Protein chains: 2
Amino acid sequence: MSARCVRQLLLISSSRLDGYEPLEFVANDINTLLKKNNVSTVLFVPYALKDYDTYLSNTKNIFSKWGYEVEGIHKSANPLQAVRNAQAIFIGGGNTFRLLKTLYDNQLIDAIQKRVLQDGIPYLGSSAGTNVATRSIHTTNDMPIVFPKSLQALELVPFNINPHYLDPDTNSTHKGETREERIVQYLEEADAGPVLGLREGTWLHVEGIKATLKGLHAARLFIPKKDAMEYESGSDMSFLLDNDWIHKCKQ
Amino acid sequence: MSARCVRQLLLISSSRLDGYEPLEFVANDINTLLKKNNVSTVLFVPYALKDYDTYLSNTKNIFSKWGYEVEGIHKSANPLQAVRNAQAIFIGGGNTFRLLKTLYDNQLIDAIQKRVLQDGIPYLGSSAGTNVATRSIHTTNDMPIVFPKSLQALELVPFNINPHYLDPDTNSTHKGETREERIVQYLEEADAGPVLGLREGTWLHVEGIKATLKGLHAARLFIPKKDAMEYESGSDMSFLLDNDWIHKCKQ
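Described in the following lines is the structure provided in the data block. Keep in mind the model is a prediction, meaning the values are calculated, not measured.

### Some thoughts on the overall build of chain A
A count of helical and extended segments in chain A gives eight helices and 11 strands. In terms of overall dimensions, chain A is globule-like: its C-alpha atoms have a radius of gyration of 17 Å, near the 18 Å expected for 251 residues. Counting only C-alpha atoms and orienting by the principal axes, one finds that chain A spans roughly 45 × 45 × 35 Å. In chain A, buried positions account for 59% of the 251 residues.

Spelled out as structure tokens, the structure:
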């Protein structure tokens, strides 16, 4: 079994969902995953927002209710060592460019990949934290407020995700591109691959070579030169892992 | 008088506006500027969209009604020479990353700067074409579908613009960041400068060291560490040119 077959990922569209406390709608899956792995402390990466301490404090409030400690990676004198020691990693939302740039600046890409893909520790991502878990951040919604050295990301999965996926507002008179139009522009590029549009309240659960769509809505899948398709919650999306341009993960 | 004092720019939020033909709402200003400069042919840069020929054809349809020829830069064997020979330049909207990358790839940045800032030919920008006219594309709304070598742009003005500026939808339950929240994230960065949020149907008219807000709506100005402010159409925005970090333009 190759490295990627031990991955355990919850790639969540966003932590916030109308009518719910942050991450409440996905609490069962988070708790099941963390308990199964005997996790007591989650390493939290707050790099997507400017105020790390407030972000850490808010995240502690969520996870402490469930009985977990949360450690902020920015509190560690050695972030690389913090990753190497982590029992589980949670990367939260905010600005994806700022997040990815900080991961590169702190030289954490390889270390996180190793912990998740080789050692198999649970990875929780939300919004920007889901974006950076994929092949690249080419399909983020965020403003490029900083310039990372590359848009290539953690490649924990071999395709792209668009979090906070939003259907066109048919009543709108605004002439800016719809989300679908923006993703279709990406698909026109030569090296584009599949893009999974995850609506708020949905997530992708990846275990090794199996990927399952979960949550309160369907997801919309975009593939170059094909029509976009809807997949209901509960759908087996493992075929997206088979299409592995980067590394094959076979049992 | 230094180079920047001869610039003549129309920086338009978007060519499309609900209820109008493309660029119809700004036709008077475009025609006045082109006539004043005895322009007969406009050099059109279609790099922001994939299909250059269709984009050129649509743009010809608009300008031919007003009596101008339009030349597509992609039709020229030597795009650099096309810029050097241009009587006026129009850069249209689409994906800002694709546009800026192609400008860099074709080594056109310096040549366009020279034609506009030193030779004083009219520059028309719409949406992505307005974004690239500013200090950088750090405040584009577009997806980073490709990776340009830098986000620094043409710097025809020393501040940033957010085109298609959109007010928060107070009825929305979507939890993605509002436009204002995204711009505020940019202002948190150390090297951020002013960002002018141009609503659809508005534009900035720059003549030398004078900048005037025009169009059907007010614009919203964001400055680091200050409250956002609204400026009515007709407002003198020349103070944004005075804040010239890059080069001073003094008479």
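### Some words on the relation of the copies chain B and chain A
Think of it as a corkscrew move, a rotation about one axis and a shift along it, taking one chain copy to the other. Superposition of chain B onto chain A requires a rotation of 180 degrees combined with a translation of 0.0 Å along the rotation axis, giving an RMSD of 0.0 Å. With respect to symmetry, the two chain copies, as superposed, fit the operation of a two-fold axis.

### What to know about empty space enclosed by the protein
This model, assessed by the stated rule, comprises three cavities of 30 Å³ or more. Looking at the largest cavity, its volume works out to about 50 Å³. Forming the boundary of the largest cavity are A:Gly94, A:Thr96, A:Ser127, A:Ala128, A:Asn131, A:Thr140, A:Asn141, A:Asp142, A:Pro163, A:His164, B:Glu177 and B:Arg182. The set of elements that each furnish at least two residues to the lining of the largest cavity consists of helix 6 (128-131) and strand 6 (160-165) of chain A. Considered class by class, the residues forming the lining of the largest cavity number two nonpolar, seven polar and three charged.

### With respect to the sheet that holds strand 10 (residues 219-222) of chain A
Residue and element names in this part refer to chain A. Read across the sheet, four strands follow the order 6-7-10-11 without closing on themselves; strand pairing throughout is mixed. Sheet topology places strand 6 and strand 11 (229-231) at the edges, where each strand pairs with a single neighbour. With strand direction ignored, the average angle separating the axes of adjacent strands in the sheet is 25 degrees. With four bridges connecting them, strand 6 and strand 7 (residues 195-199) associate as parallel partners. Residue pairing across strands places Ile161 opposite Leu196, the latter belonging to strand 7. Its contacts with the sheet put helix 7 (residues 179-187) on strand 6, strand 7 and strand 10, and the angle it makes with strand 6 is roughly 170 degrees.

### Some words on the sheet that holds strand 4 (residues 89-91) of chain B
Backbone-to-backbone hydrogen bonds pair the strands of a sheet. The strands run either parallel or antiparallel. Residues and elements named next belong to chain B. With mixed pairing, the seven strands of this open sheet are ordered in space as 3-2-4-5-1-8-9. Looking at strand neighbours, the two that pair on one side only are strand 3 (69-72) and strand 9 (210-215), the edges of this open sheet. Each adjacent strand pair in this sheet contributes to an overall mean axis angle of 20 degrees, direction not counted. Direction of pairing for strand 2 (residues 41-45) relative to strand 3: parallel, over a ladder of four bridges. Bridged to Leu43 within strand 3 is Glu71. Against the sheet, helix 1 (residues 27-36) makes contact with strand 1 (8-12), strand 2, strand 5 (122-126), strand 8 (202-207) and strand 9, and its axis sits at roughly 160 degrees relative to strand 1, the strand it touches most.

### Thoughts on the interface of chain B and chain A
Each side of the interface is counted separately: chain B has 41 residues, and chain A has 41 residues. Taking both sides of the interface into account, the surface hidden between chain B and chain A amounts to around 3700 Å²; carbon and sulfur atoms contribute 55%. Summed over the three residues of chain B that lose the most area to chain A, namely B:Met143, B:Phe147 and B:Lys175, the buried surface amounts to 21% of that side. Counting the contacts that link chain B with chain A gives six salt bridges. In this structure, B:Glu189 and A:Arg98 form a salt bridge, with 3.0 Å as the shortest nitrogen-oxygen distance. Across the contact surface, chain B and chain A share 28 residue pairs in polar contact (both at pLDDT 80 or more). Contributions of two or more residues to the side of chain B that touches chain A are made by helix 4 (96-105), strand 6 (160-165) and helix 7 (179-187) of chain B. The element contributing the most residues to the side of chain B that touches chain A is helix 7 of chain B, with five residues.

### A few points about helix 2 (residues 52-65) of chain B
Residues and elements named next belong to chain B. With 14 residues, helix 2 ought to run about 20 Å at 1.5 Å a step, and its terminal C-alpha atoms sit 20 Å apart, in line with that. All of the buried residues in helix 2 are Tyr55, Leu56, Thr59, Ile62 and Phe63. Looking straight down helix 2, one finds its buried side chains confined to an arc of 125 degrees; they lie on one side. In this structure, the buried residues of helix 2 make contact with helix 1, strand 2, strand 3, strand 4 and strand 5.

Parameters and conventions
- Residues numbered from 1 in each chain as written.
- Chains lettered and ligands numbered in written order.
- Predicted model: local features only at pLDDT ≥ 70, side-chain atom pairs only at ≥ 80, totals over all residues.
- Heavy atoms only, no water.
- Helix = DSSP H or I, 4+ residues; strand = E, 2+ residues; numbered from the N terminus.
- Rg over C-alpha atoms; globule rule 2.2 N^0.38 Å.
- Buried < 20%, exposed > 50% of the residue type's maximum accessible area, 1.4 Å probe, protein only.
- Least-squares fit on C-alpha atoms with pLDDT ≥ 70 in both.
- 1 Å grid on protein atoms, 1.4 Å probe; cavity = no way out; pocket = protein on both sides within 12 Å on 5 of 7 lines; lining within 4 Å.
- Points joined across faces, edges and corners; volume = space filled by probe spheres on them.
- Nonpolar A, V, L, I, M, F, W, Y, C, P; charged D, E, K, R; others polar.
- Pairing = 2+ DSSP bridges.
- Axes fitted to C-alpha atoms, helices over the stretch in contact; angles between N-to-C directions.
- Contact = heavy atoms within 4.5 Å.
- Buried area = accessible area lost by both parts, 1.4 Å probe.
- Salt bridge = Lys/Arg side-chain N within 4 Å of Asp/Glu carboxyl O.
- Polar contact = N/O pair within 3.5 Å; in protein donor to acceptor, adjacent residues only side chain to side chain.
- Expected span 1.5 Å × (residues − 1).
- Arc of directions from axis to C-beta.

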